[in-house]
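Below are the chains, spelled out letter by letter.
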Amino acid sequence: MNDKVNLIGLTRQGLIAALGAAGLPERSLRMRASQIWNAAYVQGLTDFSGITTLAKDARATLAQHLEIARPEVVTEQLSADGTRKWLLRFGPGIEVETVFIPEEDRGTLCISSQVGCTLTCRFCHTGTQKLVRNLTAGEIVAQVMIAKDALREWPRAGRNADTRAITNIVMMGMGEPLYNFENVRDAILILADGEGLSLSKRRITLSTAGVVPMIARAGEEIGSMLAISLHAVRDEIRDVIVPLNKKYPIRELVAAVRAYPGLSNARRVTWEYVMLKGVNDSNADAKELVRLIQGIPSKINLIPFNPWPGAPYACSDWERIEEFAEIVNRAGYASPIRTPRGRDIMAACGQLKSESIKLRAKERLADEAGAG
Ligand code: SAH
């Protein structure tokens, strides 16, 4: 432990303030902030001594007060299909998972916004883990930094904007991003900063289970792409599988999405729909889906349900998913069926849950056995 301030995750204003507090002269703060921003986010440096644009004594002063730190990587797993999953530790019991999914035309990094989750969606493994706490902006950005380190995506490893591995970011890991609004916003603005990591907002997608009052704010203050975990088209069913629906029912959710700024054919909203056998997968459901989203520039991601131990649902049969997709597709919407990735390392949608939770439960059992 130390009391240095980690630069990663500070907004530009925050960085300028931190440099001032560390004792750099007022008049050069903006320029110094730009140089350090470049070192941290373009070059991926983790040490002030490598920032040669700064005078030696300035480097030393900064190193006394600040750091460009990375969290501890507890485990890194590689799936047979190339998917990678990292378990990161930000402190005792503060652990999250981050997943990289390489595809032919893109590389998607799936990042988390909270440790655990409050939503208790019935089909989601993460939902069985209580909320531990929100991640800070720095902890959200750190997930991208770790992935870039591991994928050797910095200029010194020969990568540049044209050859980068991570082309897209989805906030579809653990947690509900709109319940951690300020930190998620600051993190996305850092990821999208054109003098830093430079990930276009059109390639950053925030996924929400439907925190309706925050959707407009996300449009105004973040401006990323939007994905909605819809999963059902009737309130009776959605109330059960996404309990947040009792607070913000389907009609209100769809209205909020309709009003999301900047939607167009080139900037469509993604509706995520997990295929649960006998629950939400009938032809009537598909038709109702089409009716609900009418007029909204949309794409529908059909997600085959990924099983986990003790899950109360099964995945729809393949023919059922295809027929469902066909109905949506005939109505004029792209309806790709998402190929499950990384299932062998429990990295697929809804499977994330820190191993540490299970480990800790085991240790507790052992302790109790020892005491008794
Ligand atoms: N809380 C946000 C962010 C999590 S995104 C949200 O709900 O959108 C994770 C996505 O994976 C969501 O669409 C979620 O509903 C989906 N998902 C969860 N469990 C799943 C499972 N077992 N199989 C397939 N998809 C699942």
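Residues numbered from 1 in each chain as written. Predicted model: local features only at pLDDT ≥ 70, side-chain atom pairs only at ≥ 80, totals over all residues. Heavy atoms only, no water.

**Q** In this structure, what is going on with the domain arrangement of the chain? I would like to understand it.
**A** Interface size is commonly expressed as the accessible area that is lost once the parts come together. As far as domains go, the chain holds domain 1 (5-67) and domain 2 (72-359). Here the C-alpha centroids of domain 1 and domain 2 sit 33 Å apart. The partner domain 2 presents 14 residues to the 14 residues of domain 1 that form the contact. In total, about 1,100 Å² of surface goes out of reach between domain 1 and domain 2, with carbon and sulfur atoms giving 60% of it. Our count for the contact surface shared by domain 1 and domain 2 stands at two salt bridges. Across the pair Asp193 and Arg12 runs a salt bridge whose closest N-O atoms are separated by 3.0 Å. Inspection of the domain 1/domain 2 interface yields four residue pairs in polar contact (both at pLDDT 80 or more). Broken down by element, the residue count for the side of domain 1 that touches domain 2 peaks at six residues, all from helix α2 (residues 29-42). (Domains from an automatic or database assignment. Contact = heavy atoms within 4.5 Å. Buried area = accessible area lost by both parts, 1.4 Å probe. Salt bridge = Lys/Arg side-chain N within 4 Å of Asp/Glu carboxyl O. Polar contact = N/O pair within 3.5 Å; in protein donor to acceptor, adjacent residues only side chain to side chain. Helix = DSSP H or I, 4+ residues; strand = E, 2+ residues; numbered from the N terminus.)

**Q** Explain the layout of surface pockets to me, please; I cannot follow it from the model alone.
**A** Gaps left between atoms show up when a probe the size of a water molecule is rolled over them. Estimates place the volume of the second largest pocket at around 550 Å³. Among the secondary structure elements, those contributing two or more residues to the lining of the second largest pocket are β4 (84-91) and α4 (137-150). Split by residue class, the lining of the second largest pocket holds eight nonpolar, six polar and six charged. Of the domains in this structure, domain 1 (5-67) and domain 2 (72-359) are the two that each give at least three residues to the lining of the second largest pocket. (1 Å grid on protein atoms, 1.4 Å probe; cavity = no way out; pocket = protein on both sides within 12 Å on 5 of 7 lines; lining within 4 Å. Points joined across faces, edges and corners; volume = space filled by probe spheres on them. Nonpolar A, V, L, I, M, F, W, Y, C, P; charged D, E, K, R; others polar.)

**Q** Whenever I open this one, the sheet that holds strand β11 (residues 225-229) confuses me. Can you help?
**A** Pairing between sheet strands relies on hydrogen bonds along the backbone, with the strands arranged either parallel or antiparallel. Spatially, nine strands are ordered β3-β4-β5-β6-β9-β10-β11-β12-β13 in an open sheet, and the strand pairing comes out mixed. Looking at which strands have only one partner, the edges of the open sheet turn out to be β3 (72-78) and β13 (298-304). On average, adjacent strands in this sheet sit at an angle of 20° to one another, irrespective of strand direction. α4 contacts β3, β4, β5 (94-102), β6 (107-110) and β9 (168-171) of the sheet and is inclined by roughly 135° relative to β4. Together, β12 (269-275) and β13 form the strand contacts of helix α10 (residues 318-330), whose direction differs from that of β13 by roughly 175°. (Pairing = 2+ DSSP bridges. Axes fitted to C-alpha atoms, helices over the stretch in contact; angles between N-to-C directions.)

**Q** Quick question: what am I supposed to make of helix α8 (residues 250-258) here?
**A** Among all positions of α8, only Ile250, Leu253, Val254, Ala256 and Val257 are buried. With its buried residues spanning 160° around the axis, α8 presents them on a single face. Looking at the buried residues of α8, the elements they touch are α6 (212-221), β11, α7 (235-241), β12 and α9 (283-292). (Buried < 20%, exposed > 50% of the residue type's maximum accessible area, 1.4 Å probe, protein only. Arc of directions from axis to C-beta.)

**Q** Any chance you could explain the packing of α9 against α10 here in plain terms?
**A** Two measures define how a pair of helices packs: the angle their axes make with one another and the distance between the axes. Put simply, α9 and α10 touch, their axes get as near as 9 Å, and they point 30° apart. The angle between the axes of α9 and α10 places the two elements in the roughly parallel class. In the crossing of α9 with α10, the sense of the turn from one axis to the other is right-handed. Counting all contacts with α9, which are made through Asn283, Asp285, Ala286, Lys287, Leu289 and Val290, the residues of α10 involved are Arg320, Glu323, Phe324, Ile327 and Val328. (Parallel < 35°, antiparallel > 145°, perpendicular 65-115°, else oblique. Left-handed = near helix turned anticlockwise from the far one by under 90°.)

**Q** How should unusual backbone geometry be read in this particular structure?
**A** Among all residues except glycine, the phi angle is most often negative; among peptide bonds, the trans geometry is most common. Residue Thr120 is not a glycine yet carries a positive backbone phi of 50°. Relative to the assigned elements, Thr120 resides in the loop between β7 (114-115) and β8 (133-134). A positive phi angle, near 50°, is found at Arg152, a position not held by glycine. As for its placement among the helices and strands, Arg152 is situated in the loop between α4 and β9.

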